[in-house]
Amino acid sequence: MEVWEIAGIKIQKLHKTYEVPGKQVPVFCGLDLELDTSCITVVLGKSGCGKTTLLRLILGLEQYESGEICSAEGLKTGIVFQEPRLMPWLNVWQNITFGLKKKEIDVQKMEQLVAMTGLTGFEKAYPSQLSGGMQQRAALARALSCEPDYILMDEPFAALDHFTRKTMQDELLRIQREQKKGMLFVTHSMDEALILGHRLVILENGVCKKTYDLEARTYPRDLLSEDMIRIKKDMMKTIGE
Ligand SMILES: Nc1ncnc2c1ncn2[C@@H]1O[C@H](COP(=O)(O)OP(=O)(O)OP(=O)(O)O)[C@@H](O)[C@H]1O
Ligand SMILES: [Mg+2]
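Below or above, wherever it landed, is the structure these notes cover. Predicted, not measured: the structure shown is a model, and the values here were computed from it. (Residues numbered from 1 in each chain as written. Chains lettered and ligands numbered in written order. Predicted model: local features only at pLDDT ≥ 70, side-chain atom pairs only at ≥ 80, totals over all residues. Heavy atoms only, no water.)

**Overview of the coordination of the magnesium ion (ligand 2)**
Surrounding the magnesium ion (ligand 2) are the protein donor atoms Thr52 (OG1) and Gln82 (OE1), at 2.0 to 2.4 Å. Highlighted residues: Thr52 in helix α1 (residues 51-59) and Gln82 in the loop between β6 (77-80) and α2 (92-96), separated in sequence by 30 residues. Classification of Gln82 by relative accessible area gives partly exposed; the value is 36%. (Donors = N, O, S within 2.8 Å, 3.2 Å for Na, K, Ca; no water. Helix = DSSP H or I, 4+ residues; strand = E, 2+ residues; numbered from the N terminus. Buried < 20%, exposed > 50% of the residue type's maximum accessible area, 1.4 Å probe, protein only.)

Right under this line is the structure:
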C-alpha cells in the first residue's frame, strides 16, 4: 500500500478480476472510494458484489491489476472478518490479547473490552464452547485490543440477536465518538447502515453506484422519521428491491 499524505485511505480506478476455472470474474472495474478515518463508512451491496474483496484489498491480502490504494502514513488497521476466525487452541482472553506483546497488555483495558463485548466470565472458555455470536464478539474485542486507527468490519453483527446487535451498535458509535476511530463497516442491513453510517456506499457492478452523506444527521437515529424513511426508500430503489 502506498503512503497518502491526507488522513485516510484513498482508492482510485481500482480494477480487480478473479479467475476461476474456465471463467474470469470481474469484481472491481474502476472503483473510486475515499475513506475518511474520522467517520463510519458503511458499504452495502448484493451478495458477491465484492465487499469482502474490498476489505482484503485494503489489507493487502489480495493483488489487483491496476489502480491505486493509498493509505495515510502509519495508519494502523484492524479487521473483523465475516467469520470469527478465532484460534481454537486459545481461550477467549488469549485470543483477544493475541496481537499484543505480554508487557503491552493493560489488564484493566482488556477487562473493559471483555465486559463491553459481553464476555465477562468466559475469559477462560475456548471458541468451541462459545455460541456463534459470542465468537464474533470476541473477534471484535480482538480487533479493538490493538487500538487500531481504522477498523474494517465485514458484517460483524450478522449472527447476533436483535438485542445484542443493538448493544454492539451503540458501543461502536460510542467508540467512534470517544476515540474518533474511523471504520469501514459492511452490512446487508439497510437499517444497520442508517443507524451507524456517516456515509453510505452502495457497490454494484464493480463501482460505487451511489453514496449517501449522512454526516449532518445526529445519533441516535430514528429509523421511523420521515427523513430516514425517505433515504431508505431511495436506497431500496438503488439496490433494486
Ligand atoms: N479467492 C477467490 N477466487 C475466485 N473468486 C473469488 C475469490 N473470492 C471471491 N471471489 C469472487 O469474487 C466475487 C466477490 O466476492 P466477495 O466475497 O467479495 O463478495 P461479497 O460482496 O463479500 O459477498 P457476500 O455478501 O456474500 O459476503 C464473487 O463473485 C466471488 O465468487
Ligand atoms: Mg462477504
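Having seen the model, we can carry on.
**Things to note about the nonpolar core**
What tends to happen in soluble globular proteins is that the nonpolar side chains get buried as a cluster. In terms of nonpolar packing, the biggest core is built from 45 residues, with Val42, Leu44, Met153, Phe185, Leu200 and Met235 touching the most fellow members. Ranked by the residues each element gives to this core, the list is headed by helix α4 (residues 132-145), at seven residues. If you count residues domain by domain, this core takes at least three from each of domain 1 (2-76 + 148-239) and domain 2 (86-147). Sequence-distant contacts of Leu44, defined by excluding residues within four places in its chain, comprise Lys51, Thr187, His188, Ser189, Met190, Ala193, Val201, Ile202, Leu203, Met235 and Ile239. In terms of nonpolar packing, the next biggest core, distinct from the first, is built from 25 residues, Leu33, Leu55, Leu57 and Ile58 among them. (Core = buried A, V, L, I, M, F, W, Y, C linked by side-chain atoms within 4.5 Å. Domains from an automatic or database assignment. Contact = heavy atoms within 4.5 Å.)

**Here's the deal with the sheet that holds strand β9 (residues 199-204)**
Reading across from one edge, β6-β7-β8-β4-β9-β10 is the order of the six strands in this open sheet, with mixed pairing throughout. At either margin of the open sheet sits one strand with a lone partner, and together these are β6 and β10 (207-213). Neighbour-to-neighbour, the strand axes of the sheet open up by a mean angle of 15°, direction not taken into account. Both strand β7 (residues 150-154) and strand β8 (residues 182-186) contribute to a ladder of five bridges, which runs parallel. Looking at β8, one finds that Tyr150 is bridged to Gly182. Taken strand by strand, α4 contacts β6 and β7, and its axis lies near 175° from that of β6. (Pairing = 2+ DSSP bridges. Axes fitted to C-alpha atoms, helices over the stretch in contact; angles between N-to-C directions.)

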